[in-house]
Amino acid sequence: MLPGPARLRPGRRLIASFAVGIARPLAALPPHRIRQVLHLVRRGGIPATERDALAARQAVVSGSVRCAGRACLQRSLATALVCRMSGVWPTWCTGVRTSPFRAHAWVEVNGVPMGESFGPGYYTTIMTVPPDA
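(A) Expanded view of the pattern of salt bridges. Under the counting rule described, the total for this entry stands at 2 salt bridges. A salt bridge links D132 to R42, with the shortest nitrogen-to-oxygen separation between them at 3.7 Å. Here the residue D132 occupies a position in the segment after β6 (124-129), and R42 occupies one in the loop between α2 (31-41) and β1 (46-47), the gap between them amounting to 90 residues. Where R57 meets E116, a salt bridge forms, and the shortest distance between an N and an O atom there is 3.6 Å. Placement of R57 in helix α3 (residues 50-63) and of E116 in the loop between β5 (112-113) and β6 is noted, with a sequence separation of 59 residues between them.

(B) Main features of the packing of aromatic side chains. All told, the structure shown has 5 aromatic pairs when counted by the stated rule. Ring centres 5.7 Å apart and planes at 25 degrees place the aromatic pair F118 and Y122 in the stacked group. The exposure class assigned to F118 is buried, which follows from its relative accessible area of 10%. Ring centres 4.9 Å apart and planes at 75 degrees place the aromatic pair F118 and Y123 in the edge-to-face group. In this structure Y123 comes out as buried when scored by relative accessible area, which is 9%.

(C) Local environment of the side chain of T79. Among the structural elements, T79 can be located in helix α5 (residues 72-85). A residue is classified by how much of its surface remains accessible, and T79, at 2% relative accessible area, is buried. Once residues lying within four places of it in the same chain are set aside, the contact partners of T79 are A53, A56, R57, V60 and V107.

(D) Looking closely at the confidence of the model for the chain. Looking at the chain as a whole, the pLDDT averages 92, with 94% of positions reaching at least 70. In this model residues 1-6 is a low-confidence stretch, pLDDT under 50, and it forms 11 contacts with partners more than four residues away in sequence or in other chains.

(E) Representation of the state of the cysteines. Taken as a whole and assessed by the stated rule, the structure comprises 0 disulfides. No disulfide involves C67; its sulfur sits 10 Å from that of C72, the nearest cysteine. Looking at C67, the relative accessible area reads 0%, which means it is buried. Just so you know, C93 is unpaired, no disulfide at all, and the nearest cysteine sulfur is the one on C72, 12 Å from it.

Criteria and thresholds
Residues numbered from 1 in each chain as written. Predicted model: local features only at pLDDT ≥ 70, side-chain atom pairs only at ≥ 80, totals over all residues. Heavy atoms only, no water. Salt bridge = Lys/Arg side-chain N within 4 Å of Asp/Glu carboxyl O. Helix = DSSP H or I, 4+ residues; strand = E, 2+ residues; numbered from the N terminus. Phe/Tyr/Trp six-rings, centres within 6.5 Å; stacked < 30°, edge-to-face > 60°. Buried < 20%, exposed > 50% of the residue type's maximum accessible area, 1.4 Å probe, protein only. Contact = heavy atoms within 4.5 Å. pLDDT = per-residue confidence, 0-100. Disulfide = S-S within 2.5 Å.

This is the structure we're talking about:
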């Protein structure tokens, strides 16, 4: 079981808060700049496991009402940053669907969206930043 809001270690809470704070201005950048920043940040990280990505996402949504809500871009960026601060990197993704139109950002591991209510293929992926090869 992943830690809930009350069980989040203080160090983990601090890391998540830091990542959420960095993710907010990062989310305001144009997509090509976000990709450039993430390509730099992911360097040296090993591929994240499902447990790593889910724990990072839980830490982010536990510490931020905004990220727990509809701020998917900030949430996905913060989740990726928490992963990287732990030495790992998930695949960061953005995508769209057309009926009804909706854009979304998320992280995935081995092609599976982490902590999302949809499965693989629900969104057409537009941009990804996978782990460094």
